Amino acid sequence: MPDLDRDGGWLLTLDGTPQSYVDLADPTHLEFEYVQRLAHLADALAPAGQPLTALHLGGGALTLPRYLAATRPGSRQRVVEVDGRLVGFVADRLPWPDGIEVTVGDARAALADTPAASADLLVADVFHGSRTPAHLTTVEFLRLAAAALRPGGCYAANLADGPPLAFARAQAATLRQAFPYTCLVAEPPVLRGRRYGNILLIGSTAPLPVRELSRRLAADPFPARLTDEDELAALAGRARPVTDATAEDSPPPPDGAFSVG
């Protein structure tokens, strides 16, 4: 759907659910708040303009890869998207710039085949409909992600949950099993369990740039809150880490949460 208020802006929807927004004229324009937060993380990982090697699990319309290509020229990026028809549609209607490799396949299978210590940034933003598939929510999956990262590299997952945050608590416990340094980013009403929304879980083998990331988040029109390692541990509480044997898809959103009229 074209954005009638912005030349070059396009909204991609799947089954009535907003999936991606891209601005072909200005790929640094990020409409979705959670994508802005992922971009803040990428901006905080390395000096401005320095190329990164990034692996994106889940493609959509490739909003974040386009942003990195524009802000960090020369970055090596690979995108894995399971929906081949979607990849073809986006390639035809919203072509992406050179330097972004897009492959069709399952995110976890692609991650298992990724060379060790090969990525500076690994982003998991995978939804089947409006739910994160179970096999991408486990300790085993996160250990594959950790193995694919270079020393100091960063993993970030976009998830969604709502009251009573049972899924988010279990995912926090799972993240802490795989990474020694962790944090979570979400809007305060989501963290307080008052409404359904996006949650970013971030992990690394090295200290995270939490101060710089917090500064960037605070400047957003809709500021999100960063919870540090201690707060994340408190959020996890007694939740048990998710394994391949116990995993389930993320909970469905409430009716109308992401629908487009």
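The shown structure was predicted, so the numbers you read here are calculated from the model rather than taken from an experiment.

Novice: I'm lost on the environment of V126 in this one. Help?
Specialist: Note that V126 resides in the loop between β6 (119–124) and α5 (139–148). On the accessibility criterion, V126 (15% relative accessible area) is buried. Residues V126 and T17, spaced 109 residues apart in sequence, show a C-alpha to C-alpha distance of 14 Å. Once you skip the residues sitting within four places of it in the chain, V126 turns out to touch L57, G58, A107, R131, T132, P133 and L136.

Novice: Would you take a moment to explain the pattern of salt bridges for this structure?
Specialist: Side chains carrying opposite charge are able to pair once their charged atoms draw close together. Applying the stated criterion to the full structure yields 11 salt bridges. The residue R93 makes a salt bridge to D92 at a minimum N-O spacing of 3.4 Å. In this structure, R93 and D92 share a single accessibility class: exposed. Residue R225 pairs with E231 through a salt bridge whose shortest N-O separation is 2.3 Å. The exposure class of R225 is partly exposed, given its relative accessible area of 38%. A cluster of three or more residues bridged by salt bridges with shared partners is formed by D43, E212, R215 and R216.

Reading the values: rules and limits
Each chain carries its own residue numbering, running from 1 in the written order of its sequence. Only residues with pLDDT of 70 or above have their local features reported here, since the model is predicted, and side-chain atom pairs are shown and tallied only from 80 upward, although totals for entire chains, interfaces and linings are computed over all residues. Excluding hydrogens and water, the side-chain figures rest on all heavy atoms present in the structure. By the criteria applied, helices consist of DSSP H or I runs no shorter than four residues and strands consist of E runs no shorter than two, each listed in order from the N terminus. Accessibility here uses a 1.4 Å probe with only protein chains present; expressed as a share of the type maximum, an area under 20% marks a residue as buried, one over 50% as exposed, and anything in between as partly exposed. Any two residues whose heavy atoms approach within 4.5 Å are treated as being in contact. Should a side-chain nitrogen of Lys or Arg be within 4 Å of a carboxyl oxygen of Asp or Glu, the pair is scored as a salt bridge.

The analysis is restricted to geometry; functional conclusions fall outside its scope.
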